[in-house]
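Structure assessment
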There are 2 protein chains.
Amino acid sequence: MAEANNPNDSTEQKIFDAAHEVFMQKGMDGAKMQEIADRAGINKALLHYYYRSKEKLYEMVARAIIGRAVPIIREFLETDYPLEEKIKRFISFYVELIARNPFIPIFVISEMNKHPDRFIDTILPKELPKPDIFLRQVEAEIAAGRIRPVKPQHLLVNMVSLCIFPFVAKPMVRIVLGMNAQEIKSFLDERKEEVLQFVMASLRPN
Amino acid sequence: MAEANNPNDSTEQKIFDAAHEVFMQKGMDGAKMQEIADRAGINKALLHYYYRSKEKLYEMVARAIIGRAVPIIREFLETDYPLEEKIKRFISFYVELIARNPFIPIFVISEMNKHPDRFIDTILPKELPKPDIFLRQVEAEIAAGRIRPVKPQHLLVNMVSLCIFPFVAKPMVRIVLGMNAQEIKSFLDERKEEVLQFVMASLRPN
DNA sequence: ACATTTTTTAACCAGTTGGTTAAATATTTT
DNA sequence: AAAATATTTAACCAACTGGTTAAAAAATGT
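In this text, all values refer to a predicted model and were calculated from it rather than measured experimentally.

Rules behind the numbers
Residues numbered from 1 in each chain as written. Chains lettered and ligands numbered in written order. Predicted model: local features only at pLDDT ≥ 70, side-chain atom pairs only at ≥ 80, totals over all residues. Helix = DSSP H or I, 4+ residues; strand = E, 2+ residues; numbered from the N terminus. Buried ≥ 20, exposed ≤ 12 C-beta atoms within 10 Å, placed from the backbone. Contact = placed C-beta atoms within 7 Å. Nonpolar A, V, L, I, M, F, W, Y, C, P; charged D, E, K, R; others polar. Axes fitted to C-alpha atoms, helices over the stretch in contact; angles between N-to-C directions. Parallel < 35°, antiparallel > 145°, perpendicular 65-115°, else oblique. Left-handed = near helix turned anticlockwise from the far one by under 90°. Expected span 1.5 Å × (residues − 1). Bend = angle between axes of the 7 residues up to and from the residue. Least-squares fit on C-alpha atoms with pLDDT ≥ 70 in both. pLDDT = per-residue confidence, 0-100.

1. Thoughts on the overall build of chain A
Along the backbone of chain A there are 11 helices and 0 strands. The order of helices and strands in chain A, counted from the N terminus, is α-α-α-α-α-α-α-α-α-α-α. Its C-alpha atoms give chain A principal-axis dimensions of roughly 65 × 40 × 35 Å. Looking at the 206 residues of chain A, the share that counts as buried comes to 34%. A sequence separation of at least 24 residues applies to 67% of the contacts in chain A between residues at least 6 apart.

2. Here we look at the interface of chain B and chain A
You'll often see interface size given as the accessible area lost when the parts meet. Counting residues at the interface gives 37 residues for chain B, matched by 37 residues for chain A. Mapped by element, the contributors of at least two residues to the side of chain B that touches chain A are α1 (11-30), α6 (103-114), α9 (152-168), α10 (170-176) and α11 (181-203) of chain B. Examining the composition of the side of chain B that touches chain A, we find that 10 residues originate from one element, α9(B), more than from any other. For the side of chain B that touches chain A, a count of residues per class yields 23 nonpolar, 8 polar and 6 charged.

3. Observations concerning the environment of B:Leu162
Position of B:Leu162 among the secondary structure elements: in helix α9. For B:Leu162, a count of 25 C-beta atoms within 10 Å corresponds to the buried category. Separated by 111 residues in sequence, B:Leu162 and B:Tyr51 have C-alpha atoms that sit 38 Å apart. Sequence-distant contacts of B:Leu162, that is, excluding residues within four places in its chain, are made with A:Asn158, A:Ser161, A:Leu162, B:Val195, B:Phe198 and B:Val199.

4. Details of the packing of helix α5 (residues 83-100) of chain A against helix α11 (residues 181-203) of chain A
All names here are of chain A. Interhelical geometry of α5 versus α11 gives an angle of 155° and a closest axis separation of 10 Å. As far as their axial angle goes, α11 and α5 are roughly antiparallel. Read as a crossing pair, α5 and α11 show a hand that is right-handed. Where α5 abuts α11, its residues Glu84, Ile87, Lys88, Ile91, Ser92, Val95 and Ala99 lie against Leu188, Arg191, Lys192, Val195, Leu196, Val199 and Met200.

5. Observations concerning the environment of B:Gly178
Along the chain, B:Gly178 falls in the loop between α10 and α11. Note: C-alpha distance between B:Gly178 and B:Glu111 (67 residues apart in sequence) is 30 Å.

6. What to know about α11(A)
Taking 1.5 Å per residue as the helical rise, α11(A) with its 23 residues ought to reach 33 Å, and the 33 Å between its terminal C-alpha atoms agrees with that figure. A:Arg191 marks where α11(A) bends most, by close to 40°. By the burial criterion, the buried members of α11(A) are A:Phe187, A:Leu188, A:Arg191, A:Glu194, A:Val195, A:Phe198, A:Val199, A:Ser202 and A:Leu203. Those residues of α11(A) hidden inside the fold are in contact with α5 and α9 (152-168) of chain A together with α9 and α11 of chain B.

7. Regarding the relation of the copies chain B and chain A
For the match of chain B to chain A, the screw axis carries a shift of 0.0 Å, the RMSD comes to 0.1 Å, and the turn is 180°. Given the turn and translation reported, the copies of this chain are related as if by a two-fold rotation axis. It is B:Ser202 whose C-alpha, among those of chain B, lies nearest the rotation axis, at 1.8 Å. The overlap is high: 100% of the interface residues of chain B also sit at the interface in chain A, so the same surface is used on both sides.

8. Notes on the environment of A:Gly30
Structurally, A:Gly30 is set in helix α1 (residues 11-30). Residues A:Gly30 and A:Ala140, 110 residues apart in the sequence, show an inter-C-alpha distance of 47 Å. What A:Gly30 contacts, discounting residues up to four positions off in sequence, is B:Asp29 and B:Lys114.

9. Remarks on helix α4 (residues 54-78) of chain B
All names here are of chain B. Counted at 1.5 Å a residue, the expected span for α4 with its 25 residues is 36 Å, and the 35 Å between its end C-alpha atoms agrees. All of the buried residues in α4 are Leu57, Tyr58, Val61, Ala62, Phe76 and Leu77. Its buried side turned inward, α4 meets α1, α5 (83-100), α6, α7 (116-123) and α8 (132-143).

10. What about the confidence of the model for chain A?
Predicted coordinates in areas of low pLDDT are best not read in detail. Residue and element names in this part refer to chain A. Per-residue confidence for chain A gives a mean pLDDT of 92; residues scoring 70 or more make up 96%. Per-element confidence in chain A is highest for helix α2 (residues 33-40), whose mean pLDDT is 98, and lowest for α5, whose mean pLDDT is 90. When the criterion is pLDDT under 50, residues 1-5 qualifies, and its contacts beyond four places in sequence or with other chains add up to 6 contacts.

The following block contains the structure:
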């Protein structure tokens with residue numbers, strides 16, 4: 001090993017981190033190998049020494065990005081907490097994840113739309129979280145009269161939409177609502193509670 | 001004029017339409033002038049004969065894309081229908097717009113995040129819709145006890161999120177919910193009613 | 001028929017990009 | 001000290017990209 005013993009400081013890791021930044025912000029088309037090398041503080045030759053090609057590097061980075069979100073979704077969909085507790089935890093974890101990594105959803109969305117084949121075949125894990133448990137749980141709550149009748153799939157999509165979209169559309173929201181940097185930040189901070197209240201209010205039975 | 005009298009068939013328009021398709025699906029970085037020329041059924045030289053540069057062509061296309069969404073948002077924000085009527089109309093128009101042009105929001109989001117300066121300075125119109133009327137209207141409804149207390153800005157963002165996001169995340173939704181092409185289509189068709197019900201249910205006073 | 005405009009052809013240019021190579025140098029391992 | 005590994009340097013390539021040019025050809029207008 002050439003560098004320190006700490007594997008976080010290894011050249012391979014430094015390259016990966018730099019590639020992570022650049023790919024996340026610019027996508028496959030916008031990312032340049034030279035910029036990745038510069039940000040990693042090394043030269044282009046060394047890039048190909050560790051990661052053969054842009055394609056390979058992109059795949060590893062994209063898999064890592066996806067891999068971070070999957071367990072959160074899985075825990076939400078596949079555990080068996082009571083519904084309200086579950087929703088609370090999901091919104092809380094999810095809003096926090098996106099708040100810390102706001103580029104994740106933009107990356108996933110635009111890359112998946114630009115190169116759907118590559119994404120589905122080589123980036124997405126084969127075992128995706130299955131929503132069945134959650135969907136049946138919602139149906140049971142409806143049958144018991146504890147929540148308003150609602151199509152479970154739409155409820156799921158609604159929750160995810162409310163969590164993710166405002167971060168994705170942040171620049172637009174900022175401009176339309178006439179907010180400065182501080183204001184948009186606290187606005188997005190508020191969403192954790194606000195989304196939860198909005199969803200729970202909508203689910204109240206008649 | 002070289003072509004038919006119908007200006008929709010003019011070469012200039014054919015180029016614009018082709019550029020519209022390509023830029024919308026691939027963004028500035030991913031779009032290639034050669035592909036635009038091919039899709040327009042003409043050659044590269046003619047591209048620069050009508051539109052000097054990629055930059056110019058991109059600007060015109062991007063402005064047109066934005067320009068189509070702005071009047072809908074403006075009508076929603078600045079007219080003075082009763083709130084429920086307004087929300088109904090907004091969701092209806094907006095879901096239909098996005099259903100017909102699902103690439104619009106992806107384009108706006110990813111381009112705005114990749115090149116925010118260009119977007120704000122040269123693409124966005126100077127006069128954006130102002131949300132004040134809507135925000136005050138919501139406050140008035142709350143004061144009159146006709147809807148649940150809710151922060152008006154969050155309500156606005158929630159509505160837009162629920163309308164747009166499912167179309168943006170369509171491939172992901174499809175995979176996670178295990179739908180085929182027909183199923184995802186009817187699922188998205190349902191959203192017009194579903195979003196309206198979800199929002200109105202959440203606004204019911206206690 | 002003539003002039004004007006539109007479109008094609010095709011070669012060309014300069015800049016960028018992903019990627020390679022080989023030799024030199026530094027660093028670590030043994 | 002010797003061997004193995006990691007890193008730099010720097011030149012280089014082929015492919016691609018946006019853009020230009022000039023001349024010919026086709027279409028259109030008068």
